[in-house]
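Inside the fold
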There are 4 protein chains.
Amino acid sequence: MQNQTASLPVSDTESSARSAGRPRSEASRLAILDATRRLMTHTSVRDLSIEAIAKKAGVGKTTIYRWWPNKVAVVIEAFAEQLDMHMLTAGNETPSENLARQLDRLMRQLRGRNGKIIADLLAEAQSDAKVLEQFNQFYMQSRRNAFGQTILNGQKSGEFSEALNTEMAVDMILGPIFMRLMRQEAGLDEAFAAEYPVMAIHALSA
Amino acid sequence: MQNQTASLPVSDTESSARSAGRPRSEASRLAILDATRRLMTHTSVRDLSIEAIAKKAGVGKTTIYRWWPNKVAVVIEAFAEQLDMHMLTAGNETPSENLARQLDRLMRQLRGRNGKIIADLLAEAQSDAKVLEQFNQFYMQSRRNAFGQTILNGQKSGEFSEALNTEMAVDMILGPIFMRLMRQEAGLDEAFAAEYPVMAIHALSA
Amino acid sequence: MQNQTASLPVSDTESSARSAGRPRSEASRLAILDATRRLMTHTSVRDLSIEAIAKKAGVGKTTIYRWWPNKVAVVIEAFAEQLDMHMLTAGNETPSENLARQLDRLMRQLRGRNGKIIADLLAEAQSDAKVLEQFNQFYMQSRRNAFGQTILNGQKSGEFSEALNTEMAVDMILGPIFMRLMRQEAGLDEAFAAEYPVMAIHALSA
Amino acid sequence: MQNQTASLPVSDTESSARSAGRPRSEASRLAILDATRRLMTHTSVRDLSIEAIAKKAGVGKTTIYRWWPNKVAVVIEAFAEQLDMHMLTAGNETPSENLARQLDRLMRQLRGRNGKIIADLLAEAQSDAKVLEQFNQFYMQSRRNAFGQTILNGQKSGEFSEALNTEMAVDMILGPIFMRLMRQEAGLDEAFAAEYPVMAIHALSA
DNA sequence: AGGTAACCGAGACGGTACGTCACGTCTTTAC
DNA sequence: GTAAAGACGTGACGTACCGTCTCGGTTACCT
């Protein structure tokens, strides 16, 4: 994910073609995202309300409803930059090393507040197909792709077993992490974070 | 878990000690659980409301609040029998065979409506520590224990790697399944159900 | 009108028969009516909002919606006592004298704030048949009846023309008053109030 | 009233003096009035919204706000021709005959949809002094003047009582009609229309 | 047998948030 | 300068549930 938000046009760069009418207020947009971030320090996604965001942002509710389909979309955009993970398939690593580094980075990101937000979003997604779709597009799919690529590399290099289809391999790698995330208690603690990558690589090994 | 509901005293059998006053109405209890089950065929846990249950059951809201702390607890009790998995560590199987059978049984159970309910409960649990606790006690812990035992057996027999601590091994085995469950799309389809146990066993192998 | 409000049962005196459930809160009812009266000193019926009443009364909106179908009904009940006109067909007057006295009383009542409220209600009634019905039942019909009776008396006594059917006679007597009321400018001023009864009686005379 | 709209300058004929800039769009003006008329076949003045007019007319809201102070003004202009009553004080009639004919014409006009619109406007006027003023200028005053003139003629001819000041006489003649109009039920039915002029004349008679 | 205590249904209560509508204003581009 | 387009903050709508409360009535036990 290249940090493009869902609600802003992909590119305005030179097309001009500005349609008539008062343009969207960037100030309001920022106020909304900022208010969302601030509210999220004290409440869960579940307890967050559009009304509260509007009030805190000094903005009409309609302005929010005009640009985002639901509160999850607002949260996603509000945390887009923070949660965006630049999955550079760096340098001269072996696939195993690369996988370990990616896992490490993912778990580090899921510790603390961001992890709670991701867990909340995944939870919200369970009762609304559209939200699940949003969550996948914004967050999950790009992770899956990155890990999928690394696994494919490992299979080509012979490090990882050819027996696994990539989808399942990704589930096997990421499943335990999100399991821990949602278990909350204990969760993604230091011990787990230290041990898990080794085990994950072993699980994939040829 | 032997189908003991959280809200009924463990044993009434002969202990006497009956306190004064009108006793709890079994009829109401059953009506509530039944209404919950019927409502759940058309709505998610999220959309289920105490008010709807009370209305459908022909019962006062207070009666529900008196005996259950929240709607999740009602749902859990309503589906306790159906979701209870008798994890008999049967006969003369090897630990691998046993693990495969357990995984099979679990995935079969998580297909269809029950899977949705479990996913919903896990989702609900994300925004309420008490609910998470309930969910773990009612559902997750017993599964983890059963799988944990099997893994220990496998480690003793030498089939499974000693390198894994049991907790993490359970996460590695169950994580991918709940990952699929919550991804919904595709989900725990036939293909996954057929292939996964083999891969899981491979992942644990010494 | 005997000062029976629409929302309270006509008589609780001995019927008992209290239905189950928490009884209606008299305190809330009074708070709502009081808040309505206070708000009406500064705003028109049109600008009055249920939300403002609820807030000022310290009451949930639902409590209002539970007992009154719309804001006009609340206003009507709030001003029921003040606007109730005890139309005693007193003593040893001739019908003409009686008519003059009734007209006088009516106009006196329609001066000042109450007149504005009645005009507002009549206005509100124009866009909602149910409201018109409420207004007629609460206010207009009892006035019409009272005047109608007086006119009938006058026809029997020979003072008033037999040519008039009562309905039309009432329209002829009351129409000019409400016309003035709604014209607002000048309105029911002293001059009009002094002269009109004489003219009205002349209009009806045989 | 000779069909001069309030919002168009009385005369553009040759005065030149055209100010700079794009001139007012006659097409838009007509589209707005037309849309208003069409909307009014299905909704009351109360339920009519500027937004709906703008949308239906394919016009910006600002264009409406620029030229009319409120929706009542738009409605008034939209129905100006239809409601305009050419009050010719015709020929060789006696004042009584003339009065009867005027009453007849007025009541005929107030039957059907136009009556509802007038009632709505009068209602709207109750909560806004400016609107009342508009209504009087556009509609009520010209009627009052016409009837006032006829009454004066009748007083000069000796048919009508000198005791009445004209203003009050007009209220006495028109009041009952608008009373019926606003009562809605029964309203200005055939029976009333047939009988009322006779009674009105009697009421004014010397 | 009578009293006491906890239950039950019903349903009203003060709240919070929902998603929508229309208001009247403002800010663009286009003519 | 006017026009269409359409975004903006505001405020009210009527509804759904929340969890609590207050009734009249019921059903057990414990004197």
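Residues numbered from 1 in each chain as written. Chains lettered and ligands numbered in written order. Predicted model: local features only at pLDDT ≥ 70, side-chain atom pairs only at ≥ 80, totals over all residues. Heavy atoms only, no water.

On to the domain arrangement of chain A. All names here are of chain A. If you check the domain split of chain A, you get domain 1 (26-78) and domain 2 (82-204). Between the C-alpha centres of domain 1 and domain 2 the distance comes to 28 Å. Each partner contributes residues to the interface: domain 1 has 13 residues there, and domain 2 has 12 residues. Note on domain 1 versus domain 2: buried area summed over both sides is about 1,000 Å², and carbon and sulfur give 67% of it. Of all residues in domain 1, Val45, Val72 and Ile76 give up the largest surface area on contact with domain 2, accounting jointly for 46% of the area buried on that side. At the junction of domain 1 with domain 2, the criterion picks out zero salt bridges. Inspection of the domain 1/domain 2 interface yields one residue pair in polar contact (both at pLDDT 80 or more). Elements with a minimum of two residues in the side of domain 1 that touches domain 2: helix H1 (26-40) and helix H4 (71-78). Among the elements that make up the side of domain 1 that touches domain 2, the one with the highest residue count is H4 (five residues). When grouped by side-chain class, the residues that make up the side of domain 1 that touches domain 2 number seven nonpolar, three polar and three charged. (Domains from an automatic or database assignment. Contact = heavy atoms within 4.5 Å. Buried area = accessible area lost by both parts, 1.4 Å probe. Salt bridge = Lys/Arg side-chain N within 4 Å of Asp/Glu carboxyl O. Polar contact = N/O pair within 3.5 Å; in protein donor to acceptor, adjacent residues only side chain to side chain. Helix = DSSP H or I, 4+ residues; strand = E, 2+ residues; numbered from the N terminus. Nonpolar A, V, L, I, M, F, W, Y, C, P; charged D, E, K, R; others polar.)

Residues in contact with DNA strand E amount to 44 residues; listed here are only the nearest, Tyr65 of chain A, Thr63 of chain B, Gly21 and Thr63 of chain C together with Lys61 of chain D. Looking at DNA strand E alone, sugar and phosphate atoms form 63% of those within 4 Å of the protein. In this structure, a phosphate oxygen belonging to DNA strand E sits 3.1 Å away from a main-chain N or O atom of Ser25 of chain B. Contacts to DNA strand E include Ser28 of chain B, whose side-chain N or O atom sits 2.9 Å from a phosphate oxygen. Among the residues forming the surface near DNA strand E, the class breakdown is 12 nonpolar, 19 polar and 13 charged. (Near = heavy atom within 4 Å.)

With that settled, the discussion passes to the interface of chain B and chain A. Taken together, the 42 residues of chain B in the interface contact 42 residues of chain A. With both chains or domains summed, chain B and chain A bury close to 3,500 Å², and 59% of this area falls on carbon and sulfur atoms. The largest share of the area that chain B buries against chain A comes from Arg46, Gln126 and Met179 of chain B, three residues that together contribute 21% of it. For the pair chain B and chain A, the number of links is eight salt bridges. Put simply, Glu124 of chain A and Arg46 of chain B hold a salt bridge, and the shortest N to O gap is 3.0 Å.

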